[in-house]
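Structure at a glance
Each chain, letter by letter, is given below.
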Amino acid sequence: MENMQYAEELVREFLVFRGFTNTLQALDNELSTDIGKEFQVDKLIDLIFAIYIPRFQVDKLVGLLNFFKQCFSNLSENVLVDTLLKLEGYILRYYIVYAIQLGRKDMVLEFFGINGNELAQKGHDWTPWFAIPYVKNPSLDPQFRIYFSKEWYEGLLLSVRNFFNELFNGTRIPALLKISSEKSTVNHLKKDIKQLNLKLSQLQALLEEKEALIFQLRSSAGNAPSTLGTSAGQTSSTTSTTSFSGMDEEKNLSVSDKEIDVPATPSIGERELNPERAVGGPAKNVSRPWNESSSVADIEIENGKSDVSHMNCDDSYKDDGFQMQGEEEFPEVKVDFQETFLGHTSSISRCCFSASGNNIASASVDGTVRIWTYDSSTSASRNATIYCGAEIMSLDWECKSDRLLLIGTADGGIKAWNVDAKRVVCDLNTSEAFPSVLDLKCSPVEPIFVSAAASRRHGSNYIESLGFASLTVWNMKTWRAMSALPLGEDPPAITSISFNHNGKILAAAATDGMIHIFDMAAGLQITGWPAHDTAISSILFGPDETSIFSLGSDGKIFEWSLQNQGHILWSRNDARFCNPGTSMHCRHEMALDANGRKLLVTSSSVRAPIYQVRGYTNGLKTLPHSAAITTVDWHPTLPIYLTGSADNSVRVTSIF
């Protein structure tokens with residue numbers, strides 16, 4: 001019975017809840033022997049005819065048969081009860097026959113010595129069998145000959161198998177197993193619904209790509225004549241427009257003559273920008289910004305120069321070169337279901353799904369971490385409240401077993417919580433010089449994790465209060481520090497770290513706008529580049545591992561190519577939703593969905609934006625909280641996201 005294990009878990013959960021520890025211990029002892037073999041027919045047949053009888057374990061054989069008589073003594077069908085008693089007699093007879101065939105009459109005498117009185121009371125059918133040890137050739141005796149035949153043994157085996165199949169697969173099962181079966185059916189249906197929702201989201205993403213391609217082709221066809229005319233008409237003015245053409249699309253860029261040397265006739269190719277232009281920062285002397293909602297900007301850092309290609313103009317962009325969209329331009333997400341968790345008493349600082357997505361960990365400013373589940377079909381046995389005594393600055397789940405939750409605090413503490421044992425299995429401390437554990441990340445492959453800690457200084461907000469950085473690699477078997485990743489002398493604080501899919505590469509983002517890339521096997525930094533003019537708040541590897549997303553404290557978002565270092569594949573300006581203000585508790589944060597198509601970002605508003613990565617739509621906005629959204633995360637496989645808010649609530653939202 002496939003629901004047996006789930007029913008046993010329900011019983012165990014109830015006993016723990018009621019505090020019946022002695023009963024729980026007795027249950028575990030019984031289950032360790034598992035005399036009924038979970039009522040699996042093949043295992044029972046092997047136990048009787050391949051173990052108990054060949055090994056002459058008559059006490060266990062009789063005990064098993066008595067066990068079934070006790071279990072099913074209250075059956076309403078008298079026919080089944082009578083059949084069970086008859087089969088018991090035939091099995092015991094076969095035990096005697098088997099012992100005689102092997103010349104073990106001593107086993108037969110021992111059997112009658114133990115069970116003789118009970119058998120004698122069952123009637124005259126057993127009376128002749130007391131003489132069988134003394135019969136010279138019982139296999140030739142007319143009274144016993146049939147029991148020594150191969151046909152009788154095969155018939156007995158078939159009868160026992162059919163009886164157990166009828167008994168266990170019928171309706172005569174405990175009510176608890178019926179409930180478990182119904183629960184299992186509901187769970188299967190929910191899983192099917194989730195898979196269908198995931199497939200629907202994939203089809204929607206494909207549809208958006210096709211619509212974007214159609215939009216792009218129409219725009220290119222419609223803009224081509226006017227673009228050429230504009231370029232020709234502006235050659236004598238202080239501002240020139242150069243037209244760049246790609247393989248499959250036409251893009252435009254307008255910049256000052258001081259930055260780009262524009263020839264008399266526009267040509268196809270790359271133009272050299274002012275070498276003093278900072279990568280990722282606002283362009284100098286830009287007369288008309290480029291439209292990154294309908295183009296891809298590739299910026300290459302090489303020998304102090306930046307190359308820009310495939311850019312288009314649009315009046316809807318501000319002078320910093322990024323699209324600015326108001327909240328009202330974002331349509332609201334279409335929600336499948338939404339659950340709200342109200343267990344916290346202060347603003348939410350972190351929240352994240354476990355590696356399986358079954359459990360959620362959320363932390364609040366008051367120093368508590370709560371573990372919970374949003375799905376009623378998932379066991380609540382892992383639910384817990386952890387009191388850390390200090391502000392929680394980072395959370396991360398161990399990837400492989402999904403049993404350990406790492407918690408980083410503002411007093412230099414790193415706690416490892418075992419969700420099954422419901423206790424702290426290790427309590428570590430960083431150096432006193434670096435008390436703020438800003439981020440923790442577990443390797444997806446190796447039993448290690450990396451902590452990003454920082455020193456403190458006086459500041460008016462989260463970023464300004466951070467000092468120097470420390471990156472430490474920890475062993476999760478010995479719970480000891482293995483090494484420190486090199487960052488140079490007095491390095492700016494590392495605010496966010498991210499492993500790639502195989503744990504060989506670690507990306508780290510710093511408050512000076514730098515991205516650092518480390519080889520974990522060598523323990524060395526292998527590359528890095530200036531990505532933002534301001535501090536970087538969050539960093540993520542793209543789903544295909546060929547790009548890195550970075551989010552600046554000023555709200556600018558970049559997707560950087562790892563194949564062509566320094567190239568920007570996609571970008572957005574989230575400044576409309578980003579207002580660092582004077583908060584000392586929260587940082588700007590982002591999360592990618594399982595397909596890498598949707599990017600969810602925290603917001604100073606009551607709604608958070610969901611950007612379509614490399615898409616041509618404005619994006620979506622979440623349903624509102626009653627205060628700012630301070631932390632976000634996506635389910636590892638499903639179109640479900642988390643939002644934690646300053647209104648003390650955490651919401652789980654499934655979208656179509």
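Residues numbered from 1 in each chain as written. Predicted model: local features only at pLDDT ≥ 70, side-chain atom pairs only at ≥ 80, totals over all residues. Heavy atoms only, no water.

1. What to know about the overall build of the chain
- Broken down by element type, the chain carries eight helices and 33 strands.
- Each of the 656 residues in the chain was classed as buried or not, and the buried ones make up 49%.
- Of the contacts made within the chain by residues no fewer than 6 positions apart, 53% connect residues no fewer than 24 positions apart.
- Within the structure as shown, the chain displays about 31000 Å² of accessible surface, and the carbon and sulfur contribution to it stands at 52%. (Helix = DSSP H or I, 4+ residues; strand = E, 2+ residues; numbered from the N terminus. Buried < 20%, exposed > 50% of the residue type's maximum accessible area, 1.4 Å probe, protein only. Contact = heavy atoms within 4.5 Å. Areas by Shrake-Rupley, 256 points an atom, 1.4 Å probe, with all protein chains shown as cover.)

2. Digging into a nonpolar patch on the surface
- Together, Phe14, Phe17 and Phe20 make up an exposed nonpolar region whose accessible area comes to about 360 Å².
- By the secondary structure assignment, Phe14 is in helix 1 (residues 4–18).
- Classification of Phe14 as partly exposed rests on a relative accessible area of 45%. (Patch = residues over 30% accessible without salt bridge, like charges linked within 9 Å, V, L, I, M, F, W, Y side chains within 5 Å. Salt bridge = Lys/Arg side-chain N within 4 Å of Asp/Glu carboxyl O.)

3. Concerning the confidence of the model for the chain
- With 76% of its residues at a pLDDT of 70 or more, the chain has an overall mean of 78.
- Within the model, the stretch residues 225–325 combines pLDDT values under 50 with 197 contacts to residues more than four positions away or in other chains. (pLDDT = per-residue confidence, 0-100.)

4. Some words on the pairing of strand 33 (residues 650–655)
- With six of its six residues buried, strand 33 lies for the most part within the structure.
- Covered by surrounding structure in strand 33 are Val650, Val652 and Ser654 together with Arg651, Thr653 and Ile655, the residues of both alternating faces.
- When strand 6 (residues 335–341) meets strand 33, the two strands line up antiparallel, connected through six bridges. The residue of strand 33 that forms the bridge with Glu339 is Val652.
- Here five bridges tie strand 32 (residues 640–645) to strand 33, and the two strands are oriented antiparallel to one another. Of the residues in strand 33, the one forming a bridge with Ile640 is Ser654.
- Between strand 32 and strand 33, which follow one another and run antiparallel, lie four residues, and Asn648 among them has a positive phi close to 75 degrees. (Pairing = 2+ DSSP bridges.)

5. Brief notes about the pattern of salt bridges
- Under the criterion given, the structure shown has nine salt bridges.
- Between Glu154 and Lys150 there is a salt bridge; the shortest N-O distance is 4.0 Å. Here Glu154 and its partner Lys150 are both found in helix 7 (residues 150–169), four residues apart, which amounts to about one turn of the helix.
- Between Asp420 and Arg382 there is a salt bridge; the shortest N-O distance is 3.0 Å. One end of the pair, Asp420, is in the loop between strand 13 (413–418) and strand 14 (423–429); the other, Arg382, is in the loop between strand 9 (368–372) and strand 10 (384–387), with 38 residues separating them in the sequence.

6. Details of the sheet that holds strand 18 (residues 480–484)
- Taken together, the four strands give an open sheet; going across it, the order is 15-16-17-18, and neighbouring strands pair in antiparallel fashion. In this open sheet, the two edge strands, each paired with only one partner strand, are strand 15 (436–442) and strand 18. For this sheet, the mean angle separating the axes of adjacent strands, direction not counted, is 30 degrees.
- Relative to strand 17 (residues 466–475), strand 16 (residues 448–456) runs antiparallel, the two being bridged by eight bridges. Looking at the pairing, Val450 lines up with Val473 of strand 17. (Axes fitted to C-alpha atoms, helices over the stretch in contact; angles between N-to-C directions.)

7. Brief notes about the side chain of Ser443
- Here Ser443 is to be found in the loop between strand 15 and strand 16.
- Here Ser443 falls in the buried class, since its relative accessible area comes to 4%.
- Of the polar contacts made by the side chain of Ser443, one reaches the backbone nitrogen of Val445; its length is 3.2 Å.
- Within the structure, the side chain of Ser443 is placed 3.0 Å from the backbone nitrogen of Glu446, a separation counted as a polar contact.
- Residues within four places of Ser443 in sequence aside, it is in contact with Cys399, Ile448, Phe449, Phe499 and Gly503. (Polar contact = N/O pair within 3.5 Å; in protein donor to acceptor, adjacent residues only side chain to side chain.)

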